[in-house]
Amino acid sequence: MLPNVNTSLSGYVQVHNGLRLILDRNCIVRSAACGSSEKKVMLLSGGGSGHEPAHVGYVGYGMLDGAVCGDVFCSPSATAIVDCLQSIATPNDEVLFIVNNYTGDRLNFGLAAERAAVFYGFKKVMILLNDDDCSIEEGLVRRSVGKRGLAGSVLLIKILGAMAESGHTIEEIYRLGNEILREGHLATFGFTFDIVNEKLVNVELGKGLHGEPGVYKLQTCDNFEPIIEFMIDKLSKKIKTSSIVVVLINNLGGTSEFMLGVFMAILFKKLQKSYAVHRIYSGTFFSSLGTTGLSVTLLNLGYSDKLLSYLDFEVQHIAHALLTNRDLLNTYDRECGDGDTGNTIAKGAQAILDHLESATIEILYPAKLLLDLSMIMQLNVGGTSGALYSLLLQTASTVFVEADRDSKVTIKHWIQALSRGNEAIKRYALAELGDRTMLDPLGQAELELKRVYSASLSTIEYIRIFSETCQRVAEDTRRMVPKSGRASYSAVESGQADYKCPDPGAFAISVWARALLEACKVAKMDQE
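Quick caveat, the model's predicted, so the values are computed rather than measured. (Residues numbered from 1 in each chain as written. Predicted model: local features only at pLDDT ≥ 70, side-chain atom pairs only at ≥ 80, totals over all residues. Heavy atoms only, no water.)

With respect to the overall build of the chain
Line of reasoning, step 1. The helix and strand inventory of the chain stands at 18 helices and twelve strands.
Line of reasoning, step 2. In the chain, buried positions account for 54% of the 528 residues.
Line of reasoning, step 3. Across the chain, every contact between residues at least 6 apart in sequence was considered, and the portion connecting residues at least 24 apart equals 69%.
Line of reasoning, step 4. Counting every atom, the chain has about 24,000 Å² of accessible surface; 52% of that belongs to carbon and sulfur. (Helix = DSSP H or I, 4+ residues; strand = E, 2+ residues; numbered from the N terminus. Buried < 20%, exposed > 50% of the residue type's maximum accessible area, 1.4 Å probe, protein only. Contact = heavy atoms within 4.5 Å. Areas by Shrake-Rupley, 256 points an atom, 1.4 Å probe, with all protein chains shown as cover.)

Let's talk about the packing of helix α15 (residues 439–452) against helix α16 (residues 459–476)
When two helices pack together, you describe them by how their axes are tilted relative to each other and by the distance separating the axes.
Line of reasoning, step 1. α16 packs onto α15 with a crossing angle of 140° between their chain directions and a minimal axis gap of 8 Å. Judged by the twist between their axes, the crossing of α15 over α16 is right-handed. On α16, the residues touching Asp440, Pro441, Leu442, Gln444, Ala445, Glu448, Leu449 and Val452 of α15 are Tyr462, Ile465, Phe466, Thr469, Cys470 and Val473.
Line of reasoning, step 2. Class assignment for the residues of the contact of α15 with α16 results in ten nonpolar, two polar and two charged. (Axes fitted to C-alpha atoms, helices over the stretch in contact; angles between N-to-C directions. Left-handed = near helix turned anticlockwise from the far one by under 90°. Nonpolar A, V, L, I, M, F, W, Y, C, P; charged D, E, K, R; others polar.)

Considering the nonpolar core
Line of reasoning, step 1. Residues Ile28, Leu96, Ile159, Leu160, Leu176, Ile180 and Leu299 are the most contacted members of the largest nonpolar core, which totals 52 residues.
Line of reasoning, step 2. Broken down by secondary-structure element, the contributors of at least two residues to this core are α1 (5–14), β1 (19–22), β4 (66–72), β5 (94–100), α4 (152–165), α5 (170–182), β10 (244–251) and α8 (307–311).
Line of reasoning, step 3. Take this core: its biggest share by element is nine residues, from α4.
Line of reasoning, step 4. Beyond its immediate sequence surroundings of up to four residues, isoleucine 28 is in contact with Leu9, Tyr12, Val13, Leu19, Arg20, Leu21, Val56, Val59, Asp65, Gly66 and Ala67.
Line of reasoning, step 5. Core analysis: the second largest hydrophobic core is formed by 48 residues, Tyr332, Val381, Val452 and Tyr462 among them. (Core = buried A, V, L, I, M, F, W, Y, C linked by side-chain atoms within 4.5 Å.)

Re a nonpolar patch on the surface
Line of reasoning, step 1. A surface patch of nonpolar side chains, about 360 Å² in accessible area, is lined by Val118, Phe119 and Tyr120.
Line of reasoning, step 2. Judged by relative accessible area, phenylalanine 119 falls into the exposed class, the value being 62%. (Patch = residues over 30% accessible without salt bridge, like charges linked within 9 Å, V, L, I, M, F, W, Y side chains within 5 Å. Salt bridge = Lys/Arg side-chain N within 4 Å of Asp/Glu carboxyl O.)

Some words on unusual backbone geometry
Line of reasoning, step 1. For the peptide bond that leads from glutamate 52 to proline 53, omega is 15°, which places it in the cis range.
Line of reasoning, step 2. Of note, proline 53 is situated in the loop between β3 (42–49) and β4.
Line of reasoning, step 3. The step from alanine 54 to histidine 55 runs through a cis peptide bond, and the omega angle for that step is -5°.
Line of reasoning, step 4. Take histidine 55: it is sitting in the loop between β3 and β4.
Line of reasoning, step 5. Non-glycine residue asparagine 26 carries a positive phi angle of around 55°.
Line of reasoning, step 6. Within the secondary structure layout, asparagine 26 lies in the loop between β1 and β2 (27–30).
Line of reasoning, step 7. The residue phenylalanine 73 is not glycine, and still its phi comes out positive at about 60°.

Overview of the sheet that holds strand β11 (residues 276–283)
Line of reasoning, step 1. Reading across from one edge, β9-β8-β7-β12-β10-β11 is the order of the six strands in this open sheet, with mixed pairing throughout. Where the open sheet ends on each side, the last strands, each with one partner, are β9 (216–221) and β11. Here the average twist between neighbouring strands, direction ignored, is 20°.
Line of reasoning, step 2. Here strand β7 (residues 186–196) runs beside strand β8 (residues 199–205); their pairing, made up of five bridges, is antiparallel. Directly across from aspartate 194, in β8, lies its bridge partner valine 201.
Line of reasoning, step 3. Packing against the sheet, helix α7 (residues 257–274) makes contact with β7, β10, β11 and β12 (293–300), and its axis sits at approximately 160° to β10. (Pairing = 2+ DSSP bridges.)

Some points on helix α6 (residues 225–236)
Line of reasoning, step 1. With twelve residues, α6 ought to run about 16 Å at 1.5 Å a step, and its terminal C-alpha atoms sit 16 Å apart, in line with that.
Line of reasoning, step 2. Along α6, the residues that are buried comprise Ile227, Ile228, Met231, Ile232, Lys234 and Leu235. Viewed along the axis of α6, the buried residues span an arc of 160°, placing them on a single side of the element.
Line of reasoning, step 3. In this fold, the buried residues of α6 make contact with β7, β8, β9, α7 and β12. (Expected span 1.5 Å × (residues − 1). Arc of directions from axis to C-beta.)

Observations regarding the environment of leucine 392
Line of reasoning, step 1. Residue placement: leucine 392 occurs in helix α13 (residues 383–402).
Line of reasoning, step 2. The exposure class of leucine 392 is buried, given its relative accessible area of 8%.
Line of reasoning, step 3. Sequence separation of leucine 392 and leucine 418 is 26 residues, and the distance between their C-alpha atoms is 8.0 Å.
Line of reasoning, step 4. Dropping the residues within four chain positions of it, leucine 392 is found in contact with Gly421, Asn422, Ile425 and Leu442.

As for the environment of arginine 334
Line of reasoning, step 1. With respect to the helices and strands, arginine 334 occurs in helix α10 (residues 326–334).
Line of reasoning, step 2. Measuring from C-alpha to C-alpha, the distance between arginine 334 and cysteine 501 comes to 9.4 Å, with 167 residues separating the pair along the chain.

Looking at the packing of aromatic side chains
Line of reasoning, step 1. Inspection of every chain in the model, using the stated rule, returns eleven aromatic pairs.
Line of reasoning, step 2. Taken together, a centroid distance of 5.6 Å and an interplanar angle of 85° make the contact between phenylalanine 193 and phenylalanine 224 edge-to-face. On the criterion of sequence distance, the pair formed by phenylalanine 193 in strand β7 and phenylalanine 224 in the loop between β9 and α6 is long-range, its members being 31 residues apart.
Line of reasoning, step 3. On the basis of relative accessibility, which here comes to 1%, the residue phenylalanine 224 falls in the buried class.
Line of reasoning, step 4. With a centroid separation of 6.3 Å and an interplanar angle of 35°, the aromatic rings of tyrosine 453 and tyrosine 462 are classed as tilted.
Line of reasoning, step 5. Here tyrosine 462 falls in the buried class, since its relative accessible area comes to 3%.
Line of reasoning, step 6. The rings of Phe191, Phe193, Phe224 and Phe263 are connected pair by pair, giving a single aromatic cluster. (Phe/Tyr/Trp six-rings, centres within 6.5 Å; stacked < 30°, edge-to-face > 60°.)

Spatial relationships are all this shows, so hold off on functional conclusions.
The following block contains the structure:
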């Protein structure tokens with residue numbers, strides 16, 4: 001049978017490292033979550049298949065710990081949900097189910113929570129019900145049906161996943177998610193259409209993701225304008241106009257990039273008349289089996305000044321993380337550079353992936369690995385970034401070349417390698433700590449690692465300290481005056497030390513440092 005959920009999931013895990021499939025239950029879980037001793041709130045979601053990448057695409061560090069897949073457009077069974085729960089959590093763990101508001105999902109996740117408590121001793125399992133659909137106004141449907149859960153769930157998962165990874169309690173996570181929903185800070189409106197003779201026909205406004213009929217219908221439209229005007233009217237009844245918002249534009253799977261561009265051109269023009277648009281996400285986040293249609297989600301940033309930091313919380317492994325953050329790095333670079341840092345770093349990341357795929361890079365011996373990486377960055381990354389990374393890696397490799405071949409590589413060698421690489425950057429780039437460059441996170445991380453070295457921590461703890469220091473210092477570069485590199489020219493006259501964005505080079509360090517930590521956590525769990 002072609003639309004086989006298990007077959008689809010089997011193929012998915014083969015190309016996504018760090019994930020595991022529970023075969024007979026159609027569950028995808030984080031490898032690092034299985035049997036982990038690290039205490040954090042565990043997040044579990046799911047629903048019917050056919051909405052890919054939801055929800056399996058959001059399983060990973062900083063997002064979901066597990067996702068349960070039912071048959072196409074059908075809720076997963078309570079048994080599958082409980083089995084998934086038991087694979088990622090113990091009875092003493094705090095677990096939050098993020099559930100979209102459909103009757104089958106409510107019933108089965110609710111039944112699973114009850115069974116987990118009664119039969120398996122789970123002490124705290126809570127359910128957050130997402131009902132971000134604003135096409136259905138209050139009073140138009142019975143309370144037992146309610147408003148549907150749509151693509152806004154993706155933003156919820158991102159925000160709440162960042163909170164869980166940062167150590168917040170289940171009460172804090174639930175309260176923020178619940179207030180975002182109940183106080184009207186998240187709203188989604190979707191529609192479907194056909195195109196005949198260059199006109200939009202059979203337009204269904206507020207149509208459900210499972211093929212439920214739209215709440216309103218338009219037979220023919222010359223363009224997207226009347227649809228967008230209707231949409232903004234509905235959105236504004238939940239999120240007041242003039243609010244500062246994040247916009248998520250979701251392709252239901254069958255809309256061409258050409259038509260998406262036409263839609264966005266009109267949407268932005270009209271949306272900016274009603275809202276202060278701070279950020280835009282566009283892509284296929286929550287599909288409906290290739291349906292021709294779109295949805296627009298607004299998130300009101302006025303609710304909390306923490307929302308953006310949660311949305312920016314990194315979730316990928318090293319090379320993929322750098323590729324994922326290409327546009328964000330370019331944006332950061334535009335503030336006082338030429339706006340190409342993301343593109344430059346992404347070239348190196350893609351080249352590393354290509355070499356890993358073709359097995360032409362040494363991964364067993366640190367000296368050879370660092371030399372290979374240095375050459376890859378030199379040949380594939382242009383300008384200052386390529387030279388700096390190549391210099392850092394090549395110089396760091398000398399520590400391992402000089403080490404006794406029979407000696408075991410320890411964290412001490414890696415700290416020495418970082419120190420030697422940093423010294424090379426200082427020597428040839430004439431940079432110092434505080435100059436607002438990539439040296440700031442690397443240099444401060446070196447100092448912090450040397451400070452705690454005598455504490456005899458585990459390797460993963462040293463990596464955590466490295467990652468967290470890089471992230472903190474990269475954020476601190478917002479308040480530094482550029483004194484090195486191209487950015488320093490624009491800062492000479494102004495002396496500005498209050499930027500909207502961190503230094504892009506420093507931020508790139510924080511991206512791969514966080515990804516390094518997650519990759520090591522996954523590897524550690526796989527070994528155990």
